[in-house]
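Here is how the chains run, residue by residue.
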Amino acid sequence: HVVPFMSAVSTENGEANFVRVLNNLTGNHLEGFKDSYGPRETLIVPTIDCRPLFKWADFAKIDSEGNEAELIKTLTTEKVDMMVEVRNEKNARIIFDHCNKIARRMWSQKSGWKQVKHIDHMPRLNREGSLFIGQNPPFDNP
């Protein structure tokens, strides 16, 4: 059973500017987290705080067009496993530092799904693959 919410996941409940990129539907994003080009329009959308969702969920797939690091920084003791897109080098560093601070393990598609032990193992662009954050990856890990 799925209950959709017409909202953006963020770090607080409220409202935010949402950029709809008219010629690139996969490039839509919350304002301030990604540079976009071409024709676009800005809408005000409701936002939902990610923390209750992370407490509730067993698994989260996060691809929020640049906002991923802000969402990951809210993690504390939640046991939710995540598959995350890392948008850029700045977000890679933020996610790496925060996950190490709270002792959350990471595995990178960039390194053949080996455990991330060093910042160089982190994907820095979406084309370098995804990042799994959690207890044990749901795939074979030699």
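In this report, the structure presented in the accompanying data block is examined.

What counts as what
Residues numbered from 1 in each chain as written. Predicted model: local features only at pLDDT ≥ 70, side-chain atom pairs only at ≥ 80, totals over all residues. Heavy atoms only, no water. Salt bridge = Lys/Arg side-chain N within 4 Å of Asp/Glu carboxyl O. Helix = DSSP H or I, 4+ residues; strand = E, 2+ residues; numbered from the N terminus. Buried < 20%, exposed > 50% of the residue type's maximum accessible area, 1.4 Å probe, protein only. Core = buried A, V, L, I, M, F, W, Y, C linked by side-chain atoms within 4.5 Å. Contact = heavy atoms within 4.5 Å. Pairing = 2+ DSSP bridges. Axes fitted to C-alpha atoms, helices over the stretch in contact; angles between N-to-C directions.

### Notes on the pattern of salt bridges
Working step 1: Taken as a whole and assessed by the stated rule, the structure comprises nine salt bridges.
Working step 2: Residue Lys55 pairs with Glu78 through a salt bridge whose shortest N-O separation is 3.5 Å. One end of the pair, Lys55, is in helix α1 (residues 50–56); the other, Glu78, is in the loop between α2 (68–72) and β6 (81–85), and 23 residues separate them in sequence.
Working step 3: Overall, Glu78 belongs to the buried group, its relative accessible area being 7%.
Working step 4: Measuring nitrogen to oxygen at the nearest pair gives 3.2 Å for the salt bridge that ties Glu70 to Lys73.
Working step 5: Taking relative accessible area as the criterion, Glu70 reaches 29% and is therefore assigned partly exposed.
Working step 6: Among the residues examined, Lys73 registers a relative accessible area of 39% and is labelled partly exposed.

### Quick notes on the nonpolar core
Working step 1: Judged by nonpolar contacts, the single largest core of 23 residues is most densely connected at Phe54, Ile72, Met82, Ile95, Met106, Met122 and Ile133.
Working step 2: Secondary structure elements with two or more residues in this core: α1, β5 (59–62), α2, β6, α3 (89–101) and β9 (130–134).
Working step 3: With four residues, α3 is the single largest residue contributor to this core.
Working step 4: With residues up to four places along the chain from it excluded, the contact list for Ile72 reads Ile62, Met82, Val84, Ile95, His98, Cys99 and Ile133.

### Points about the pairing of β9
Looking along a regular strand, one sees the side chains alternate between the two faces of the sheet.
Working step 1: The buried count for β9 comes to five of five residues, which makes it a mostly enclosed element.
Working step 2: By the alternation rule, side chains of β9 split into Ser130, Phe132 and Gly134 and Leu131 and Ile133, which are all buried.
Working step 3: Inspection of the sheet shows β6 paired to β9 by four bridges, in the antiparallel sense. Paired with Met83 across the two strands is Phe132, which belongs to β9.
Working step 4: In the sheet, strand β7 (residues 105–108) pairs with β9 via four bridges, with the strands oriented antiparallel.

### Quick look at the sheet that holds strand β3 (residues 29–30)
Working step 1: Spatially, four strands are ordered β1-β4-β2-β3 in an open sheet, and the strand pairing comes out mixed. In this open sheet, the two edge strands, each paired with only one partner strand, are β1 (8–10) and β3.
Working step 2: In this structure, β1 lies alongside strand β4 (residues 40–49), joined through three bridges in parallel fashion. What sits directly across from Ala8, in β4, is Thr47.

### Quick notes on the sheet that holds β9
Working step 1: Taken in spatial order, the five strands of this open sheet run β5-β6-β9-β7-β8, and their pairing is mixed. Across the chains shown, the open sheet's two edge strands, defined by having one partner strand only, are β5 and β8 (114–115).
Working step 2: Relative to β6, β5 is paired through four bridges, and the arrangement is parallel. The partner of Lys61 across the bridge, within β6, is Met83.
Working step 3: Across the face of the sheet, α3 comes into contact with β6, β7 and β9 while running at roughly 145° to β7.

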